[in-house]
Number of protein chains: 2
Amino acid sequence: MIKIEMNDLDKFFEKGELIPAICYEVNTKTVLMLAYMNKESLKKTLETGYTWFWSRSRQEYWNKGATSGHLQKVVSIYGDCDNDTLLVNVEQTGVACHTGSYSCFFNEIYNTEENE
Amino acid sequence: MIKIEMNDLDKFFEKGELIPAICYEVNTKTVLMLAYMNKESLKKTLETGYTWFWSRSRQEYWNKGATSGHLQKVVSIYGDCDNDTLLVNVEQTGVACHTGSYSCFFNEIYNTEENE
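Residues numbered from 1 in each chain as written. Chains lettered and ligands numbered in written order. Predicted model: local features only at pLDDT ≥ 70, side-chain atom pairs only at ≥ 80, totals over all residues. Heavy atoms only, no water.

**What to know about the overall build of chain A**
Phase 1 of the analysis: Of the regular secondary structure elements, chain A holds one helix and seven strands.
Phase 2 of the analysis: Along chain A, helices (α) and strands (β) appear in the sequence β-β-α-β-β-β-β-β when read from the amino end.
Phase 3 of the analysis: For a compact globule of 116 residues, the expected C-alpha radius of gyration is about 13 Å, and chain A comes in at 15 Å, within 12% of that figure.
Phase 4 of the analysis: Projected onto its principal axes, the C-alpha coordinates of chain A cover approximately 50 × 30 × 30 Å.
Phase 5 of the analysis: Residues classed as buried in chain A amount to 48% of the 116 residues present. (Helix = DSSP H or I, 4+ residues; strand = E, 2+ residues; numbered from the N terminus. Rg over C-alpha atoms; globule rule 2.2 N^0.38 Å. Buried < 20%, exposed > 50% of the residue type's maximum accessible area, 1.4 Å probe, protein only.)

**Remarks on the interface of chain A and chain B**
Phase 1 of the analysis: The interface is formed by 43 residues belonging to chain A together with 43 residues belonging to chain B.
Phase 2 of the analysis: Of the roughly 4200 Å² buried between chain A and chain B on both sides combined, carbon and sulfur atoms contribute 63%.
Phase 3 of the analysis: Counting the surface chain A buries against chain B, the share from its top three residues, Phe105(A), Ile109(A) and Tyr110(A), is 21%.
Phase 4 of the analysis: Counting across the chain A and chain B interface gives two salt bridges.
Phase 5 of the analysis: In this structure, the salt-bridge partner of Arg56(A) is Asp84(B), at a minimum N-O distance of 3.1 Å.
Phase 6 of the analysis: Applying the counting criterion to the chain A and chain B interface returns 24 residue pairs in polar contact (both at pLDDT 80 or more).
Phase 7 of the analysis: Looking at the side of chain A that touches chain B, the elements that each hand over two or more residues are β1 (19-25), β2 (30-37), β5 (72-80), β6 (86-92) and β7 (105-111) of chain A.
Phase 8 of the analysis: A class-by-class count of the residues in the side of chain A that touches chain B yields 24 nonpolar, 10 polar and nine charged.
Phase 9 of the analysis: Pairing of β7(A) with strand β5 (residues 72-80) of chain B, which is carried by five bridges, proceeds in the antiparallel orientation. (Contact = heavy atoms within 4.5 Å. Buried area = accessible area lost by both parts, 1.4 Å probe. Salt bridge = Lys/Arg side-chain N within 4 Å of Asp/Glu carboxyl O. Polar contact = N/O pair within 3.5 Å; in protein donor to acceptor, adjacent residues only side chain to side chain. Nonpolar A, V, L, I, M, F, W, Y, C, P; charged D, E, K, R; others polar. Pairing = 2+ DSSP bridges.)

**Considering the relation of the copies chain A and chain B**
Phase 1 of the analysis: When chain A is fitted onto chain B, the two copies agree to an RMSD of 0.0 Å after a turn of 180 degrees and an axial shift of 0.0 Å. Read as a symmetry element, the transformation amounts to a two-fold axis. Closest approach to the rotation axis among the C-alpha atoms of chain A is made by Lys29(A), whose C-alpha sits 3.1 Å away.
Phase 2 of the analysis: In this assembly the copies share their binding face: 100% of the residues contributing to the interface of chain A also contribute to that of chain B. (Least-squares fit on C-alpha atoms with pLDDT ≥ 70 in both.)

**Concerning the UniProt feature "binding site: Zn(2+)" (unreviewed entry) in chain A**
Phase 1 of the analysis: The sites that UniProt annotates as "binding site: Zn(2+)" (unreviewed entry) are Cys81(A), Cys97(A) and Cys104(A). For the annotated residues, spread through 24 residues, the largest C-alpha to C-alpha distance comes to 28.0 Å, inconsistent with a single compact locus.
Phase 2 of the analysis: Looking at the secondary structure, you find Cys81(A) in the loop between β5 and β6.
Phase 3 of the analysis: Among the structural elements, Cys97(A) can be located in the loop between β6 and β7.
Phase 4 of the analysis: Ignoring sequence-local partners within four residues, the contact set of Cys97(A) consists of Tyr102(A), Ser103(A), Cys104(A), Phe106(A) and Cys81(B). (UniProt positions renumbered as here; feature names shortened; annotations may be inferred.)

**Description of the environment of Gly16(B)**
Phase 1 of the analysis: When you line up the elements, Gly16(B) lands in the segment before β1 (19-25).
Phase 2 of the analysis: Separated by 68 residues in the primary sequence, Gly16(B) and Asp84(B) place their C-alpha atoms 9.0 Å from one another.

**A word on the packing of aromatic side chains**
Residues and elements named next belong to chain A.
Phase 1 of the analysis: In the structure shown here, the tally under the stated rule is five aromatic pairs over all chains.
Phase 2 of the analysis: Residues tryptophan 54 and tyrosine 61 carry aromatic rings whose centres are separated by 4.9 Å and whose planes lie at 75 degrees to one another, so their mutual orientation is edge-to-face.
Phase 3 of the analysis: Geometry around tryptophan 52 places lysine 44 over its ring, the cationic atom sitting 4.7 Å from the centre. (Phe/Tyr/Trp six-rings, centres within 6.5 Å; stacked < 30°, edge-to-face > 60°. Lys NZ or Arg CZ within 6 Å of the ring centre and 35° of its normal.)

**So, the pattern of salt bridges**
Residue and element names in this part refer to chain B.
Phase 1 of the analysis: Using the criterion set out here, one finds 12 salt bridges over all chains in the structure.
Phase 2 of the analysis: For the salt bridge of lysine 15 with aspartate 82, the shortest nitrogen-to-oxygen distance reads 3.8 Å. In this pair, lysine 15 is assigned in the segment before β1 and aspartate 82 in the loop between β5 and β6 (86-92), connecting sequence segments 67 residues apart.
Phase 3 of the analysis: For lysine 15, a relative accessible area of 60% gives the class exposed.
Phase 4 of the analysis: Residue aspartate 82 is classed as partly exposed on the basis of its relative accessible area of 37%.
Phase 5 of the analysis: Across the pair arginine 58 and glutamate 60 runs a salt bridge whose closest N-O atoms are separated by 3.2 Å.
Phase 6 of the analysis: Among the residues examined, arginine 58 registers a relative accessible area of 46% and is labelled partly exposed.
Phase 7 of the analysis: For glutamate 60, a relative accessible area of 37% puts it in the partly exposed group.

Shown next, in the form of structure tokens:
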């Protein structure tokens, strides 16, 4: 299941203590949110199979959905070509956003599609 | 096409000069890459309809694909619930990654799928 040596996780934190983690829902093929992981939260995610982030605003670990029930079961995780972003493929229970929206990305800035 | 007042772009840069921008391919439903935009690169993206980023390593504007031909035509852009991440939905020409990979996310860290 874990496809990397735990000692090798350091390479994701060479540019800083936090790495952005994109959460993508594998069934609906939707980008849900972006949050940040430090090494310990990445370890907790790998060990539990559910997403753990570091909350920059609250300065604490954050097990996504622990309070709301909107857990994210991890299907797979990939690092990018230069080891400074993670893609976390999940199965989302309920909604991802604290506003009640399924995805956090709902503020339209630009759209070429006339009917939207 | 542009669904926001240009003066209102400031809200995306309150936490810092750079905002992470997730690039998602709308036809293949694939997360391609993450790069960073400053306000000027977001403006260039909105004005041209193709992605412009700020390269942190080279400290310069970066019109994705201008050299390689692997341009990203923007379909839509959404800001997230707290205005600190952008989702850029694109149509990718060729591949997104400088390694020749379609997506930058190919380094497997974790996988629950037995056959992968």
